[in-house]
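Observations on the model geometry
Each chain, written out:
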Amino acid sequence: MNTPALAPWACHPGQTRGRRVPQPPSPPRHEHQRDRDRIVHSSAFRRLVYKTQVFINHEGDLFRTRLTHSLEVAQLGRSAARALQLNEDLVEAIALAHDLGHTPFGHAGQDALHDCMQAHGGFEHNLQSLRVVDRLEERYPEFDGLNLTFETREGVLKHCSRRNAQRLCAAEPQGPALRFLQGGQPSLEAQLVNIADELAYSAHDVDDGLRSGLITGQQLQDVPLLAHWRAQVLHDFPALAADSPRRLLAESLRRMLSAQVGDLVQATRAAVHAAQVQHADAVRAHSTPLATLSPALREQADALKSFLFKALYRHPQVTAMTDRARQVVAELFSAYTQAPQELPEEHRQRPDLHRTVADYIAGMTDRFALREHHRLTGRRLFPTAE
Ligand code: MG
């Protein structure tokens, strides 16, 4: 199958900045397709299926996990990339890897681990995703990690504190952390994934929030973006309100997402033309990101996010659950640091105990973390989970 020509400002696979350990090419795959394949076959990728976004994994089989989230991000990102003649395979690789460093229990787990690591360099999930693909995966005889291309690693490192960027740059002066010291943007492909991530979780959290009963259809009426698409669907299918609220919601979210991707494509195309960039490095040197939503849609998307924040992420039932999840992570951390003999053999031999424990906990699935917590403390903080 012929791949469509890439725009001049796309990341062309033939012009990759390469891998840290040089390797011969692997035709017919190009370098970013090869990255995507390595990510799909990694152990961290498989574990995403048992890690949660907002809901704890055992709560129901219908809710999104990090794996389905990553697939949704890849789907939205690829659609936009194809329309913009960007490198779809690179977008897919970044999307599939972007959450590899996430701890069990979503943001609660990550915040708890960051607190535990305060005196030992902290814990940042984007940096952890890079650490997974650069170091923690053990699959190749010749190197640690997956030895991905610069472009995929650049997309994975979405945020990075200055302190960590200095540390990374000391080891790799031209690496993906340099832009956090010098300013500048990642590739358009990476920028698209950032927006696709946000669009994906806003839409699926509405869906999961309704399914769980934590948010109601009535509340959605106050969110202009959702109210707009719901009204459009009801205009076309008036009977759905009574006959099938599920189809009404699914069709509203489907139309919303496809309008958002359309808006992203148009606004990004306009921004790229206005900036007159001619190649990927000009995108990187530009003062602002060029992948963007239109101002009107940005405002609506932000309103949806703040609605979700108040109504779902800060819902008393969710915070009660995330408080316990934090406690699980904090107690695991102190149990392993006080009794390193409880770590698996191969982890015990690593030099930095605190970082080793953080890596080990970050790699856990929700249910494994709960099992280990019970084994080490004798208590069950989520009695229904096991
Ligand atoms: Mg994400």
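Refer to the preceding data block for the structure.
In short, a report on the structure. (Residues numbered from 1 in each chain as written. Predicted model: local features only at pLDDT ≥ 70, side-chain atom pairs only at ≥ 80, totals over all residues. Heavy atoms only, no water.)

**Overview of the coordination of the magnesium ion**
In the first shell of the magnesium ion, the protein supplies H69 (NE2), H98 (NE2) and D197 (OD), at 2.1 to 2.3 Å from the metal. One chain supplies every donor for the magnesium ion, spaced along it as H-x28-H-x98-D. One end of the pair, H69, is in helix α3 (residues 66-83); the other, H98, is in the loop between α4 (88-97) and α5 (106-116), with 29 residues separating them in the sequence. Its relative accessible area of 1% is what places H69 among the buried residues. (Donors = N, O, S within 2.8 Å, 3.2 Å for Na, K, Ca; no water. Helix = DSSP H or I, 4+ residues; strand = E, 2+ residues; numbered from the N terminus. Buried < 20%, exposed > 50% of the residue type's maximum accessible area, 1.4 Å probe, protein only.)

**Digging into the packing of aromatic side chains**
Per the stated rule, a full pass over the model turns up 5 aromatic pairs. Pairing Y360 with F368 gives two aromatic rings, centres 6.5 Å apart and planes at 80°, and the pair type is edge-to-face. Among the aromatic residues, those joined into a cluster by ring pairs are Y336, Y360 and F368. The side chain of R324 reaches across the aromatic face of F382, ending 4.7 Å from its centre. Of note, R367 hangs over the ring of Y50, and the distance from its end group to the ring centre comes to 3.8 Å. (Phe/Tyr/Trp six-rings, centres within 6.5 Å; stacked < 30°, edge-to-face > 60°. Lys NZ or Arg CZ within 6 Å of the ring centre and 35° of its normal.)

**Describing the pattern of salt bridges**
Under the counting rule described, the total for this entry stands at 33 salt bridges. Taking the shortest distance from any N to any O, the salt bridge between R36 and D37 comes out at 2.8 Å. Since its relative accessible area comes to 16%, R36 is described here as buried. Note that D281 and R284 form a salt bridge whose closest N and O atoms lie 2.8 Å from each other. Residue D281 and its partner R284 are both found in helix α15 (residues 280-285); the two are separated by 3 residues, about one turn of the helix. Its relative accessible area of 11% is what places R284 among the buried residues. Connected through salt bridges with shared partners, the residues R29, R36, D37, R78, R82, E88, D89 and E92 form a single ionic network. (Salt bridge = Lys/Arg side-chain N within 4 Å of Asp/Glu carboxyl O.)

**A short note on α3**
Taking 1.5 Å as the rise per residue, α3 with 18 residues should run 26 Å; its terminal C-alpha atoms sit 26 Å apart, in good agreement. At its buried positions, α3 is contacted by α2 (43-47), α4, α5, α10 (188-212) and α14 (245-275). The N-terminus of α3 is capped by T65, whose side-chain oxygen sits 3.1 Å from the backbone nitrogen of L67. One or two steps after α3, the chain reaches Q85, where phi turns positive at roughly 55°. (Expected span 1.5 Å × (residues − 1). Contact = heavy atoms within 4.5 Å. Polar contact = N/O pair within 3.5 Å; in protein donor to acceptor, adjacent residues only side chain to side chain.)

**A closer look at the packing of α3 against α14**
Packing of α3 against α14 brings their axes to within 10 Å, and their N-to-C directions diverge by 40°. Comparing the axis directions of α3 and α14 gives the class oblique. Considering only the axes of α3 and α14, their crossing is right-handed. Counted together, L76, S79, A80 and A83 of α3 and L257, V261, L264, V265 and R269 of α14 form the full contact between these two elements. (Axes fitted to C-alpha atoms, helices over the stretch in contact; angles between N-to-C directions. Parallel < 35°, antiparallel > 145°, perpendicular 65-115°, else oblique. Left-handed = near helix turned anticlockwise from the far one by under 90°.)

**Overview of the side chain of D205**
As for its position among the elements, D205 is in helix α10. The class of D205 is buried, set by a relative accessible area of 3%. Side chain to side chain, D205 and H204 meet in a polar contact 3.1 Å long.

**As for helix α6 (residues 125-136)**
Here α6 spans only 14 Å end to end across 12 residues, well under the 16 Å set by a 1.5 Å rise per residue. Within α6, 10 of the 12 residues are buried, leaving the element largely enclosed by the surrounding structure. The set of residues buried in α6 consists of H125, N126, L127, Q128, S129, L130, R131, V132, V133 and D134. Buried residues in α6 make contact with α2, α4, α5, α7 (150-156), α8 (162-171) and α19 (353-362).

**Describing unusual backbone geometry**
The omega torsion across P27 and P28 is 5°, close enough to zero to call that bond cis. Along the chain, the position of P28 falls in the segment before α1 (31-40). Phi at N147 takes a positive value of approximately 50°, unusual for a residue other than glycine. Inspection of the secondary structure puts N147 in the loop between α6 and α7. Positive phi, close to 55°, is recorded for Q276, a residue that is not glycine. A relative accessible area of 63% places Q276 in the exposed class.

**Regarding the nonpolar core**
With 79 residues, the main nonpolar core has I39, L100 and L304 as its most contacted residues. The biggest single contributor to this core is α10, with 10 residues. Excluding residues within four positions of it along the chain, L304 makes contact with S202, V206, V223, L225, L226 and M256. Residues F105, C116, V357 and I361 belong to the second largest nonpolar core, which totals 25 residues. (Core = buried A, V, L, I, M, F, W, Y, C linked by side-chain atoms within 4.5 Å.)

**Some thoughts on the side chain of Q191**
Inspection of the secondary structure puts Q191 in helix α10. Those residues in contact with Q191 that lie beyond four places of it in its chain are Q185, P186, V283, P289, L290 and A291.

**Remarks on the environment of Q266**
Relative to the assigned elements, Q266 resides in helix α14. Looking at Q266, the relative accessible area reads 59%, which means it is exposed. Spatially, the C-alpha atoms of Q266 and A80 are 9.5 Å apart, while their sequence positions differ by 186 residues.

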